[in-house]
Amino acid sequence: VAPELQSNYTSCVFQDSRKTVWNGNNKGLAVREGDKFVPVFTDQLNQKIITIAERRNGALLVGGENGVHVVSPDKKSIRCIVPLSALTNAKEVRYFYEDREGKIWICTYNGGLFCYEGTKLTSVNDKKHCGLPLDIFCLARDDYGYLNITTNRGLYRIKETDLDNFYRNKIDYLIPYVSRKDEGILNTEFNCGFQNNFLKASNGHIYFPSIEGVCEFIPDMPERQPLIPRIESIMIDGQKKPDGVNEIPRTG
């Protein structure tokens, strides 16, 4: 127990690349100094902190009920880059994923998935033909280039390149694979979005916390079998089209 913390309710504990330990709790953020935690940035962060991640440049991403904040690489300053109000309908930020291009994918509860590129924020769920639900708790990348997404409706899986192409309007549909009870999931509610959201083992298996225990996912490459359509008959107004009729008149 650390009595110096702002709250006894801890949502996440994170160790950055400099071995500094951070605590996200019900009332803000704290950092380990010596043998105790010291609350930091109390003016900017006065609500629940749920997730912390480190960018490749050393800056920290901090998310929760306050939206998205960035702590500078020297850990001395903080700024808000996305207020919660900008994340349409989101109740809180649950997870960050930084892709190879440096785009930040923001997982939210009740708001869906967002992409933050440069200073531009885009809602993926607001795009037409998006097959993702509004509760997204993490993006866990596997060894096959797929992002595995925990939700309240099961485990979703999409190819990362498909997500990027859908975001950039290069494809019109985002259709994920979905695993539910038929695939062996005891409870489809993965409402355990607090750190740690998942564990990727050295053998590539991914472990997700759920409402009823731990789900082990063994990734593989989905098999695709091309289908060759065969038309056996054509029906017109409930009647089989007569042989030799190759044009169908359009009537009112």
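This structure is a prediction, so every number in the text was calculated from the model and none was measured.

Peer 1: How should I be thinking about the overall build of the protein in this particular structure?
Peer 2: A count of helices and strands for the protein gives one helix and 21 strands. For a compact globule of 252 residues, the expected C-alpha radius of gyration is about 18 Å, and the protein comes in at 23 Å, more than 25% above that figure. Dimensions along the principal axes, computed over C-alpha positions, put the protein at roughly 85 × 35 × 30 Å. Relative to all contacts within the protein whose residues are 6 or more apart in sequence, the contacts with residues 24 or more apart total 42%. Looking at the protein as shown, the accessible area adds up to about 14500 Å², and 47% of this sits on carbon and sulfur atoms. Across the protein, the 32 positively charged side chains and the 32 negatively charged ones have centroids separated by 3 Å.

Peer 1: Looking at this structure, I do not really get the nonpolar core. What am I missing?
Peer 2: Note that soluble globular proteins tend to have their nonpolar side chains buried in a common cluster. Residues W105, L113, V124, L132 and F208 are the most contacted members of the largest nonpolar core, which totals 30 residues. If you look at the next biggest cluster of nonpolar residues, it comprises 16 residues, including A59, V93, I106 and F114.

Peer 1: Quick question: what am I supposed to make of the packing of aromatic side chains here?
Peer 2: Two aromatic rings, taken as a pair, are described by how far apart their centres are and by the angle between their planes. For the coordinates displayed, the defined rule picks out six aromatic pairs. Clustering of aromatic rings is evident, with ring pairs tying together Y95, F190, F198 and F208. The ring of F166 carries K127 above its face, with NZ or CZ at 5.4 Å from the centroid. Lying across the ring of Y146, R157 places its NZ or CZ 4.4 Å from the centre.

Peer 1: Would you mind going over the pattern of salt bridges with me for this structure?
Peer 2: Charged atoms that come close allow side chains of opposite charge to pair. If you walk through the whole model with that rule in mind, you get 14 salt bridges. Here D99 makes a salt bridge to K103, at a shortest N to O gap of 2.7 Å. Here D99 matches K103 in class, with each residue buried. The closest approach of N and O atoms between R157 and D220, which form a salt bridge, is 3.8 Å. Of this pair, R157 sits in strand β15 (residues 155-159) while D220 sits in the loop between β19 (213-217) and β20 (235-236), and the two are 63 residues apart along the sequence.

Peer 1: Is there a simple way to explain the sheet that holds strand β5 (residues 49-54) in this structure?
Peer 2: To summarise the sheet geometry, strands pair through backbone hydrogen bonds and adopt either a parallel or an antiparallel arrangement. On the basis of which strands lie adjacent, the open sheet formed by four strands has the order β5-β6-β7-β8 and antiparallel pairing. Every other strand in the sheet has two partners, leaving β5 and β8 (78-82) as the edge strands with one partner each. Pairwise comparison of adjacent strand axes, ignoring direction, gives a mean angle of 25 degrees for this sheet.

Peer 1: Honestly, the pairing of β5 in this entry has me stumped. Any pointers?
Peer 2: In summary, the side chains of a regular strand alternate between the two faces of the sheet. Of all six residues that make up β5, five are buried, and the element is covered over most of its length. Summarising the sheet, β5 and strand β6 (residues 60-64) pair through five bridges and their orientation is antiparallel. Paired with A53 across the bridge in β6 is L61. Connecting β5 to the antiparallel partner β6 that follows it, the hairpin turn spans five residues, and G58 within it adopts a positive phi of roughly 95 degrees.

Peer 1: Even after reading the chapter, I still don't get helix α1 (residues 160-167), so can you show me in this structure?
Peer 2: An α-helical turn contains 3.6 residues, so a residue and the one three or four places further along point in the same direction. Looking at α1, one finds that the buried residues are E160, L163, D164, F166 and Y167. Buried residues of α1 fall within an arc of 160 degrees about the axis and therefore sit on the same side. At the exit of α1 stands N169, carrying a positive phi of roughly 65 degrees.

Peer 1: What am I meant to see in the sheet that holds strand β3 (residues 28-33) here?
Peer 2: Ordered by their spatial adjacency, four strands build an open sheet running β1-β2-β3-β4, and the pairing between neighbours is antiparallel. This sheet does not close on itself; its edge strands, each paired only once, are β1 (10-15) and β4 (36-40). Sheet twist, expressed as the mean angle between neighbouring strand axes with direction ignored, is 25 degrees. In this structure, strand β2 (residues 21-25) lies alongside β3, joined through four bridges in antiparallel fashion. When the sheet's bridge partners are listed, G24 is paired in β3 with L29.

Peer 1: Before we go on, may I ask you to explain the environment of V178 in this structure?
Peer 2: Residue position: V178 is located in strand β16 (residues 177-179). Given a relative accessible area of 28%, V178 falls into the partly exposed group. C-alpha separation for the pair V178 and D126, spaced 52 residues apart in sequence, amounts to 20 Å. Setting aside residues up to four positions removed in sequence, V178 forms contacts with R153, L155, Y156 and E183.

Procedures and definitions
Residues numbered from 1 in each chain as written. Predicted model: local features only at pLDDT ≥ 70, side-chain atom pairs only at ≥ 80, totals over all residues. Heavy atoms only, no water. Helix = DSSP H or I, 4+ residues; strand = E, 2+ residues; numbered from the N terminus. Rg over C-alpha atoms; globule rule 2.2 N^0.38 Å. Contact = heavy atoms within 4.5 Å. Areas by Shrake-Rupley, 256 points an atom, 1.4 Å probe, with all protein chains shown as cover. Lys, Arg positive; Asp, Glu negative; His and termini not counted. Charge placed at Lys NZ, Arg CZ, Asp CG, Glu CD. Core = buried A, V, L, I, M, F, W, Y, C linked by side-chain atoms within 4.5 Å. Buried < 20%, exposed > 50% of the residue type's maximum accessible area, 1.4 Å probe, protein only. Phe/Tyr/Trp six-rings, centres within 6.5 Å; stacked < 30°, edge-to-face > 60°. Lys NZ or Arg CZ within 6 Å of the ring centre and 35° of its normal. Salt bridge = Lys/Arg side-chain N within 4 Å of Asp/Glu carboxyl O. Pairing = 2+ DSSP bridges. Axes fitted to C-alpha atoms, helices over the stretch in contact; angles between N-to-C directions. Arc of directions from axis to C-beta.

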